[in-house]
Amino acid sequence: MAQMTMIQAITDALRVELKNDENVLVFGEDIGVNGGVFRATEGLQKEFGVDRVFDTPLAESGIGGLAIGLSLQGYRPVPEIQFFGFVYEVMDSISGQLARMSYRSGGVYNAPVTIRSPFGGGVHTPEMHSDSLESLMTAQPGLTVVVPSTPYDAKGLLISSIRNDNPVIFLEHLKLYRSFREEVPEEAYTIPLGKADVKREGKDLTIIAYGLMVHESLKAAEELEKEGHSVEVIDLRTIQPLDIETIIASVEKTGRAIVVQEAQKQAGIAANVVAEITERAILSLEAPVLRVAAPDTVYPFPQAEGVWLPNFKDVMETAKKVLTF
Amino acid sequence: MSKKNNNMFDPKQTLVEIEEKFEMFQILNEDGEIVNEQADPKLSDEELVELMTRMVYTRILDQRSISLNRQGRLGFYAPTAGQEASQLASHFALEKEDWILPGYRDVPQIVWHGLPLEKAFLFSRGHFVGNQVPEGVNVLAPQIIIGAQYIQTAGVALGLQKRGKKAVAVTYTGDGGSSQGDFYEGINFAGAFKSPAIFIVQNNQFAISTPRESQTAAKTLAQKGVAAGIPSILVDGMDALAVYVATRDARERAVNGEGPTLIETMCYRYGPHTMAGDDPTRYRTSDKDSEWALKDPLVRFRKYLEAKGLWDEAKEESVIERAKEEIKEAIKKADATPKQTVTQLMDNMYKGEMPSNLKEQYEIYKEKESK
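Cut-offs and rules
- Residues numbered from 1 in each chain as written.
- Chains lettered and ligands numbered in written order.
- Predicted model: local features only at pLDDT ≥ 70, side-chain atom pairs only at ≥ 80, totals over all residues.
- Heavy atoms only, no water.
- Contact = heavy atoms within 4.5 Å.
- Buried area = accessible area lost by both parts, 1.4 Å probe.
- Salt bridge = Lys/Arg side-chain N within 4 Å of Asp/Glu carboxyl O.
- Phe/Tyr/Trp six-rings, centres within 6.5 Å; stacked < 30°, edge-to-face > 60°.
- Buried < 20%, exposed > 50% of the residue type's maximum accessible area, 1.4 Å probe, protein only.
- Lys NZ or Arg CZ within 6 Å of the ring centre and 35° of its normal.
- UniProt positions renumbered as here; feature names shortened; annotations may be inferred.
- Helix = DSSP H or I, 4+ residues; strand = E, 2+ residues; numbered from the N terminus.

### Focus on the interface of chain B and chain A
Consideration 1: Listed as interface residues are 38 residues of chain B and, on the opposing side, 43 residues of chain A.
Consideration 2: Between chain B and chain A, roughly 3300 Å² of surface is buried when both sides are summed, and carbon and sulfur atoms account for 56% of that area.
Consideration 3: Applying the counting rule to chain B against chain A returns two salt bridges.
Consideration 4: Arg-280 of chain A is paired through a salt bridge with Glu-360 of chain B; the nearest N and O atoms lie 2.7 Å apart.

Spelled out as structure tokens, the structure:
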């Protein structure tokens, strides 16, 4: 076991899979000699050679097309989109092509592509570097969408994603890259996609979150505990498909739930979770299921980020409304 | 002009010089005469007859497809008449192990690459079985998003290169497609990786209704390859021999590790853009149609072969009969294909296990379909 940050755990997962399967290819903008702008691919080109870990020209759509074409030759591409805010440039490759490869070919071809990309706010980036655009991905059938919140989960989920025979969008929160370390096994291990994780058990309220918001929710839960409320925190980990079973089991136990997302409120993952809860567990509910989300503006200029981004205080406030309903 | 002494760089002059270099490559003129002896590929008699057979067959396939569409027996269809040399002579230079990433008008090439005709019809009808290509037939279903096939071709070509295969990835788009960002990204990626790709732009003069002149200030589409640093050529797309030679040479360079080529084939589509209500009289004149009809790829190739004593009316008739017979058989097979179900489509969405949300919906549709 070693102490790793999330970015180290991600590099480690890539290394393990490059070693494990010669069909794994890692590529993207500046990921070779430079090791990626966040160093996620640090040392990999040196270790595995330029044939398997390589830089591409600067064009996201081209990177998407390249991944699709390589997968047709039996490779397992793991391209990086440098920032997920650049995803608009590669939308057709992802939603119009990659997600439909199996469907379109009647199952003759499949596209075992894992697109990794950093996203998320709180680190004062220029525009288009921090947006939470995950619901663009979850709206597209054919994709699995993963958002880890811890180093341990990141490694296990990334290995599972790469081994998956279908396209996976793997979103890495910028602020979590180096925010803390934890024990991460050095060998390969997998965490099943589509399975949420109960990060904290409780009986009065369920908080459902993913990405950075898992940590804001855990902090809120600790504070609420001091006030006598026992709060359960579920980390979705995979936001498409949702782990309905874990969500519903928890809500049936607590009778109260809130859903927390960093993204804007409109058409978000939280809305989807709320709908699933009301469809399946309305009779278990003691209160409406509320959402904590960012306001419905475009991602703010960095100076307004602090207020715009949901934090543990917002979570507490909403939690109390539900607890006292 | 002395370049040495001229210390003022003249960008306008440079452009003119580059554009003037893109003369149209031709071997067989409109009268079916070899005008470029040196470039004559000297195909064997058998090969010449086979290429002619394919072009005649495909012209019949186009005519039958249009009429089947009008009878409501085919769905989406993009007519091909006028583009036979461009499509089939380029394909004629390929090998079985090569990969084809077609646009939606490029059904003939994938049929001649091995896709059973009934599957082409099922594709037209919107049945997934049409897209299930048999093993060993290295083609993708026709691409609907214009340009998307170009970047994927860069990827397939890179894969072939990494696998050490002596094969190429070939893709097609039209004049309109050459305006897409993916077009540039595709040729640029393949150039940067020096991968074995052949990019063919079938310049049939109109992108639906928008004329080639409105598409770009570039004098030729072939010259776009210059910016990507890849060999490029403008070819008479109504001349089967010229198209064949350009593709053959591109393939040779590609498998020899010399990277991709961009080929512009100057051609014309006689029919509408697709059979879904396009009316070419709104955007082009009959004068223009007749002008291009004189350049017809079949007419000139027929003349050439007749002069060589390789083709006559009886041969033509027998190809036409064979085409009609096989089309009839293929339609029968397409008719006999069981209807597709929503649960089948659900099955095709993912390799292996489907996600929980779809699994749940699968059960609902299975129930519906059992009634």
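Having put the structure on the table, let's press on.
### A short note on the packing of aromatic side chains
Consideration 1: Counting across every chain of the model gives 20 aromatic pairs over all chains.
Consideration 2: With a centroid separation of 4.9 Å and 65° between ring planes, the pair formed by Tyr-299 of chain A and Trp-308 of chain A is classed as edge-to-face.
Consideration 3: For Trp-308 of chain A, a relative accessible area of 10% corresponds to the buried category.
Consideration 4: Ring geometry for Tyr-268 of chain B and Tyr-270 of chain B: centres 6.4 Å apart, planes at 55°, overall tilted.
Consideration 5: Given a relative accessible area of 25%, Tyr-270 of chain B falls into the partly exposed group.
Consideration 6: By the ring-pair criterion, three or more aromatic residues cluster together here, those being Phe-27 and Phe-54 of chain A together with Phe-189 and Phe-193 of chain B.
Consideration 7: Sitting over the face of the ring of Trp-292 of chain B, Lys-295 of chain B holds its NZ or CZ atom 5.1 Å from the ring centroid.

### What to know about the UniProt feature "domain: Dehydrogenase E1 component" (unreviewed entry) in chain B
Consideration 1: Annotation from UniProt places "domain: Dehydrogenase E1 component" (unreviewed entry) at residues 53-342 of chain B.
Consideration 2: Counted over residues 53-342 of chain B, helix gives 48% and strand 11%. Its end C-alpha atoms are 40 Å apart.

### So, the UniProt feature "domain: Transketolase-like pyrimidine-binding" (unreviewed entry) in chain A
Consideration 1: Residues given the UniProt feature "domain: Transketolase-like pyrimidine-binding" (unreviewed entry) here are residues 4-179 of chain A.
Consideration 2: For the annotated span residues 4-179 of chain A, helix accounts for 35% and strand for 16% of the residues, and the straight-line distance between the end C-alpha atoms is 11 Å.

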